[in-house]
Amino acid sequence: MTLVQKRLLILAEMLLAGAVSGRLAVRALLNLLLGGTLFFGGIFYEGQHEKTRK
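Residues numbered from 1 in each chain as written. Predicted model: local features only at pLDDT ≥ 70, side-chain atom pairs only at ≥ 80, totals over all residues. Heavy atoms only, no water.

Structural notes on the overall build of the protein
Counting its regular elements, the protein contains 2 helices and 0 strands. Burial status across the protein gives 4% buried among its 54 residues. Carbon together with sulfur atoms contributes 69% to the accessible area of the protein, which is approximately 5300 Å² in total. (Helix = DSSP H or I, 4+ residues; strand = E, 2+ residues; numbered from the N terminus. Buried < 20%, exposed > 50% of the residue type's maximum accessible area, 1.4 Å probe, protein only. Areas by Shrake-Rupley, 256 points an atom, 1.4 Å probe, with all protein chains shown as cover.)

Here it is as structure tokens:
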């Protein structure tokens, strides 16, 4: 593997990590502003499932 290939591989990994963390940051910010839950929305809130229990 040449030096150029190593640099391109590192650049691709950094772009992927940046895209994932950037998307998560935007999601967290919007979630904060809108008052939602970031992960596993609503599994601890039982009032949400009242309609499905009937």
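Brief notes about the side chain of asparagine 31
Mapping asparagine 31 onto the fold places it in helix H1 (residues 3-34). Excluding anything up to four places from it in sequence, asparagine 31 contacts Gly36, Thr37 and Leu38. (Contact = heavy atoms within 4.5 Å.)

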